[in-house]
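So the chains spell out like this:
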Amino acid sequence: MSSPTGVPDDAYWQRPDPDSAPPPAKPEAPTPKPGPDYQGPPRTARPSPNWRPPTIAHPPPPRSMPPQDMDALDDAEGSARTVTYGVGLVAGAIALILLCLLCARVIF
């Protein structure tokens, strides 16, 4: 490890001589100026009671939702699952055929 002064000896890392002059004292921390403390921003005035615009339209109450037919929902979900599996099987079969054709072409 080299010394920051560039001197190759260990003089930089030795303890100071006890007979030498003491290091200068640390400067005193500045004292704050006497004066008023910041009290924050001023308070805002309260809004007038008529600050909102008048309401003209009164929307009708929401309608009730139609009842759900759980049997029909189950049937639709089952047929959607069948279509999804069918599309997946067809896509897998096409991919398998293409893979076999590519491998056969590389081998032969």
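Details of the structure are given in the entry above.
About the thresholds
- Residues numbered from 1 in each chain as written.
- Predicted model: local features only at pLDDT ≥ 70, side-chain atom pairs only at ≥ 80, totals over all residues.
- Heavy atoms only, no water.
- Helix = DSSP H or I, 4+ residues; strand = E, 2+ residues; numbered from the N terminus.
- Rg over C-alpha atoms; globule rule 2.2 N^0.38 Å.
- Buried < 20%, exposed > 50% of the residue type's maximum accessible area, 1.4 Å probe, protein only.
- Lys, Arg positive; Asp, Glu negative; His and termini not counted.
- Charge placed at Lys NZ, Arg CZ, Asp CG, Glu CD.
- Salt bridge = Lys/Arg side-chain N within 4 Å of Asp/Glu carboxyl O.
- Patch = residues over 30% accessible without salt bridge, like charges linked within 9 Å, V, L, I, M, F, W, Y side chains within 5 Å.
- Areas by Shrake-Rupley, 256 points an atom, 1.4 Å probe, with all protein chains shown as cover.
- Disulfide = S-S within 2.5 Å.

What to know about the overall build of the protein
Item 1. Scanning the protein from terminus to terminus reveals one helix and zero strands.
Item 2. Taken over C-alpha atoms, the radius of gyration comes to 44 Å for the protein, far larger than the 13 Å a tight globule of 108 residues would show.
Item 3. Summarising its shape, the C-alpha atoms of the protein cover approximately 100 × 85 × 25 Å along the three principal directions.
Item 4. Buried residues in the protein amount to 1% of all 108 residues.
Item 5. Here the protein contributes 9 positively and 11 negatively charged side chains, and the mean placements of these two sets differ by 15 Å.

A short note on the pattern of salt bridges
Item 1. For the structure shown, the criterion picks out one salt bridge.
Item 2. In this structure, the salt-bridge partner of glutamate 77 is arginine 81, at a minimum N-O distance of 3.6 Å. In this pair, glutamate 77 and arginine 81 both sit in helix α1 (residues 70-107), four residues apart, roughly one turn of the helix.

Some points on a negative patch on the surface
Item 1. Residues Asp69, Asp71, Asp74 and Asp75 make up a contiguous surface patch of negative charge.
Item 2. Inspection of the secondary structure assignment puts aspartate 75 in helix α1.
Item 3. According to the relative accessible area criterion, aspartate 75 is exposed, its value standing at 56%.

A few points about a nonpolar patch on the surface
Item 1. A cluster of nonpolar side chains, Val90, Ile94, Ile97, Leu98 and Leu101, forms an exposed patch at the surface whose accessible area comes to about 500 Å².
Item 2. Relative to the elements of secondary structure, valine 90 occurs in helix α1.
Item 3. Take valine 90: its relative accessible area is 51%, and that puts it in the exposed class.

Looking at the state of the cysteines
Item 1. Within the structure shown, the criterion is met by zero disulfides.
Item 2. Of all cysteine sulfurs in the structure, the one in cysteine 100 sits closest to cysteine 103, which takes part in no disulfide; the separation is 6.8 Å.
Item 3. Judged by relative accessible area, cysteine 103 falls into the partly exposed class, the value being 40%.

Considerations on the environment of glycine 40
Item 1. Along the polypeptide, glycine 40 turns up in the segment before α1.
Item 2. Sequence separation between glycine 40 and alanine 104 is 64 residues, and the spatial gap between their C-alpha atoms is 83 Å.

Focus: the environment of isoleucine 97
Item 1. Relative to the helices and strands, isoleucine 97 resides in helix α1.
Item 2. Classification of isoleucine 97 by relative accessible area gives exposed; the value is 53%.
Item 3. Residues isoleucine 97 and tryptophan 13 lie 84 residues apart in sequence; the distance between their C-alpha atoms is 79 Å.

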